[in-house]
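Coordinate analysis (summary)
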Amino acid sequence: MSEIKETKAQRVERLKREKNAWEHFDEIRAFARQGHASIPPEWLGTYFRSWGVYTQGDGVGVVGGKNGEGKATPFFMARIRIPNGLLSSVQARTIADLAERHARGVADITVRQNVQLHWVTIESLPEVLEALWRVGLTTTGACGDVARNITGCPLAGLDAHEHCDASPLALELNGQLGGNSEFYNLPRKFKVSITGCRSWCTYPEINDVGLTAVTRKRLHGDEVGFSLRVAGGLSTDPHLGVRLNAFVRWEQAVPVVRGVAELFRESEVLRRNRERARLKFLFLQHGWTADSFLAVLQDRLGFALDPAEPEEPPSDIHRDHVGIHTQKQQGLSYVGANVLRGRITPEQLRTAANLSDRYADGHLRNTIMQNLLIVNVPNEHAARVAGELTAVGLPVRASAFARGTVACTGSEFCKLALTETKGFARWLTEELDQRLPGFQEQLKLHITGCPNSCGQHWIADIGIEGKKLKIDGQMVDAYYFCVGGSVGEFASIARPVGYRCAASEVPDAIERLLREFNEQHEPGENLRRFFARHSNEQIRGWLAGEIVAAVERDAAAGPVPIGVEG
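Attention shifts here to the overall build of the protein. Secondary structure summary: the protein contains 16 helices and 20 strands in total. Taking 2.2 N^0.38 as the reference for a compact globule, 566 residues should give roughly 24 Å; the C-alpha atoms of the protein span a radius of gyration of 23 Å, in line with that estimate. With the principal axes as the frame, the protein shows a C-alpha extent of 70 × 70 × 50 Å. A total of 566 residues make up the protein; the buried ones form 61% of that total. Considering only intrachain contacts with a sequence separation of at least 6, the fraction spanning at least 24 residues in the protein is 70%. Within the structure as shown, the protein displays about 21,500 Å² of accessible surface, and the carbon and sulfur contribution to it stands at 49%. The distance from the centre of the 66 positive side-chain charges to the centre of the 68 negative ones in the protein is 3 Å.

Structure, rendered in structure tokens:
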């Protein structure tokens with residue numbers, strides 16, 4: 001009788017059942033002493049991930065690998081959780097020191113308010129982890145089949161227009177879910193966002209759980225609570241979160257999120273296929289609805305939630321927090337710096353930390369648009385802080401292209417990527433600045449190096465997805481275009497328009513498209529509305545500079561492995 005071979009899903013599930021890697025730091029220490037060759041495959045492929053650690057690619061990406069994953073090198077990416085984007089000057093300097101000593105000076109702010117280090121060796125990994133622990137930071141649970149970093153509005157407690165400061169709830173949830181052995185073995189990643197702001201700057205629509213503050217009238221006065229969305233996510237099957245008919249009171253927020261996490265944990269149907277294991281697939285493939293999910297959740301909680309209250313989804317989706325802005329605290333401002341493509345140097349981090357100590361109270365915050373803020377700056381010092389940030393390459397006034405560009409890790413380090421993204425993003429924004437000087441329209445230009453959408457191209461005005469093309473016998477980086485993605489009041493998944501071109505031709509294509517917008521848009525019409533009233537054929541023709549036939553989005557080269565989004 002032939003031996004029955006484990007599927008990928010069965011193997012991963014078995015490994016997670018056999019060991020909670022969080023309880024085995026001693027093994028990581030042993031690997032550090034004995035060298036990279038001592039690390040067994042189950043650690044490289046599964047257990048390190050729950051520690052926030054991924055093997056690093058060889059710079060080529062998925063090309064040259066097999067089963068949809070490229071070749072690994074003896075180096076690691078270590079992802080640092082920054083709950084709600086709250087960062088102290090001491091922590092920022094620690095990250096800068098670690099980046100300089102152990103990561104060849106490379107640090108990236110991610111779309112989930114984390115910071116990623118690259119080029120980390122197994123010999124230095126214990127030292128990196130322990131240095132982070134000493135300043136109250138951790139990588140635990142930043143990757144893997146666990147509850148990822150809890151995102152929140154970086155202006156929590158500072159925004160004069162917010163419903164509430166929800167950061168205490170974000171921190172409590174981070175403590176209950178992050179690194180908690182009860183939630184070590186989930187079917188796949190589990191992402192939570194909670195915000196008290198009115199602009200939903202954390203994109204709750206693309207999280208497994210999104211809580212957005214609302215205020216309801218009561219006899220005893222106004223009460224702040226939350227709307228509840230579940231099962232959002234992007235990747236190869238984008239799905240906007242489903243709003244449940246529920247008003248979540250402040251004291252119910254943590255039990256509700258835990259309840260959703262427990263339902264996810266106990267869903268056996270989601271453990272059968274790694275590529276269909278996210279919470280959204282209960283709705284996409286297994287017939288769940290908002291009503292059925294709410295009924296099961298309330299049964300799990302043991303109490304009923306009040307019916308939902310009316311909410312006002314924001315119409316302005318571009319809140320990136322760049323610039324000098326007043327806080328609700330009298331006499332104070334925050335200074336938001338643009339970190340192009342999220343890549344930040346140790347010098348820049350130290351400068352920001354030192355400025356926050358010298359002119360403010362030592363607090364910084366990072367954003368899901370990959371930017372960095374110094375908060376609680378006395379108004380009289382704000383211009384000086386802005387000037388010193390700009391002097392080290394962190395401009396407080398940036399072009400529409402620099403402000404709106406988001407880029408995933410790309411093939412420089414990621415084994416799943418088809419294209420290089422970070423250097424490309426810099427070049428692309430510089431090209432567009434030169435070609436379209438003074439372009440003022442708010443623009444979300446998202447670059448993702450593969451179908452996994454770690455660069456969130458599905459919710460961008462212009463989203464480009466990495467592909468490969470053969471030109472003159474050579475495989476070159478290319479991009480496929482989607483337009484019209486949005487969150488907030490007009491939430492929608494970007495639509496593929498059937499145009500693909502070599503990466504070198506992307507500036508030409510975007511220039512043509514935006515010149516048509518400049519010439520043809522109606523008074524007050526933004527890009528979203530402009531794209532909505534034109535057909536794919538028209539947009540494709542503008543991108544190409546001529547009428548061209550549509551091309552299909554290429555399917556993934558193989559089964560989609562675990563994504564590495566931040």
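Anyway, onward from the coordinates.
On to the pairing of strand 18 (residues 462–471), then. Among the 10 residues that make up strand 18, 7 are buried, leaving the element largely enclosed by the rest of the structure. Where strand 18 and strand 19 (residues 474–483) come together, 10 bridges link them in antiparallel fashion. Bridged to isoleucine 464 within strand 19 is phenylalanine 481. Between the end of strand 18 and the start of strand 19, which pair antiparallel, lie 2 residues, with aspartate 472 showing a positive phi angle near 55°.

Here we come to the environment of phenylalanine 48. Mapped onto the secondary structure, phenylalanine 48 falls in helix 3 (residues 41–50). Judged by its relative accessible area of 1%, phenylalanine 48 is buried. In this structure phenylalanine 48 touches Ile28, Phe31, Ile39, Trp43, Val53, Phe76, Ile122 and Leu125, once residues within four positions along its chain are discounted.

Further remarks concern the sheet that holds strand 5 (residues 115–120). Reading across the sheet, the 5 strands line up as 1-2-5-4-13 and stay open at both edges, with antiparallel pairing between neighbours. Of all strands in the sheet, those with a lone pairing partner are strand 1 (53–57) and strand 13 (343–344), marking the two edges. With 3 bridges joining them, strand 4 (residues 107–109) and strand 5 adopt antiparallel strand pairing. In the strand pairing of strand 5, aspartate 108 is matched with glutamine 116. Against the sheet, helix 4 (residues 89–102) engages strand 2 (72–80), strand 4 and strand 5, with an angle of about 20° to strand 5.

In this section: the sheet that holds strand 14 (residues 363–366). Pairing within the open sheet is antiparallel, and its 5 strands lie in the order 3-14-15-12-11. Each edge of the sheet is formed by a strand with only one pairing partner; in this case those strands are strand 3 (86–88) and strand 11 (323–326). The sheet shows a mean angle of 30° between the axes of neighbouring strands, direction not considered. The strands touched by helix 10 (residues 346–359) are strand 14 and strand 15 (372–378); relative to strand 15, the strand with the most contacts, the crossing angle is about 15°.

Here we come to the nonpolar core. Side chains of a nonpolar character, in soluble globular proteins, are inclined to be buried together. By size, the foremost hydrophobic cluster in this structure holds 57 residues, and its most contacted members are Trp43, Phe48, Trp51, Ile95, Leu117 and Leu389. One finds Leu173, Phe190, Val242 and Val260 within the second-largest nonpolar core, a separate group that totals 42 residues.

Bringing the confidence of the model for the protein into the picture now. Interpreting fine coordinate detail is not advised for predicted regions of low pLDDT. The predicted model of the protein has a mean per-residue pLDDT of 94, with 97% of residues at 70 or higher. In the predicted structure, residues 556–564 sits below a pLDDT of 50 and forms 31 contacts with residues beyond four places in sequence or in another chain.

A few words on unusual backbone geometry. As a rule of thumb, non-glycine residues mostly have phi less than zero, and peptide bonds are mostly trans rather than cis. Positive phi outside glycine occurs at asparagine 67, with the angle close to 55°. Within the secondary structure, asparagine 67 is located in the loop between strand 1 and strand 2.

Structurally, the position occupied by glycine 342 is in the loop between strand 12 (332–337) and strand 13. If sequence neighbours within four positions are ignored, glycine 342 has contacts with Ala107, Asp108, Ile109 and Gln370.

The rules behind each value
Residues numbered from 1 in each chain as written. Predicted model: local features only at pLDDT ≥ 70, side-chain atom pairs only at ≥ 80, totals over all residues. Heavy atoms only, no water. Helix = DSSP H or I, 4+ residues; strand = E, 2+ residues; numbered from the N terminus. Rg over C-alpha atoms; globule rule 2.2 N^0.38 Å. Buried < 20%, exposed > 50% of the residue type's maximum accessible area, 1.4 Å probe, protein only. Contact = heavy atoms within 4.5 Å. Areas by Shrake-Rupley, 256 points an atom, 1.4 Å probe, with all protein chains shown as cover. Lys, Arg positive; Asp, Glu negative; His and termini not counted. Charge placed at Lys NZ, Arg CZ, Asp CG, Glu CD. Pairing = 2+ DSSP bridges. Axes fitted to C-alpha atoms, helices over the stretch in contact; angles between N-to-C directions. Core = buried A, V, L, I, M, F, W, Y, C linked by side-chain atoms within 4.5 Å. pLDDT = per-residue confidence, 0-100.

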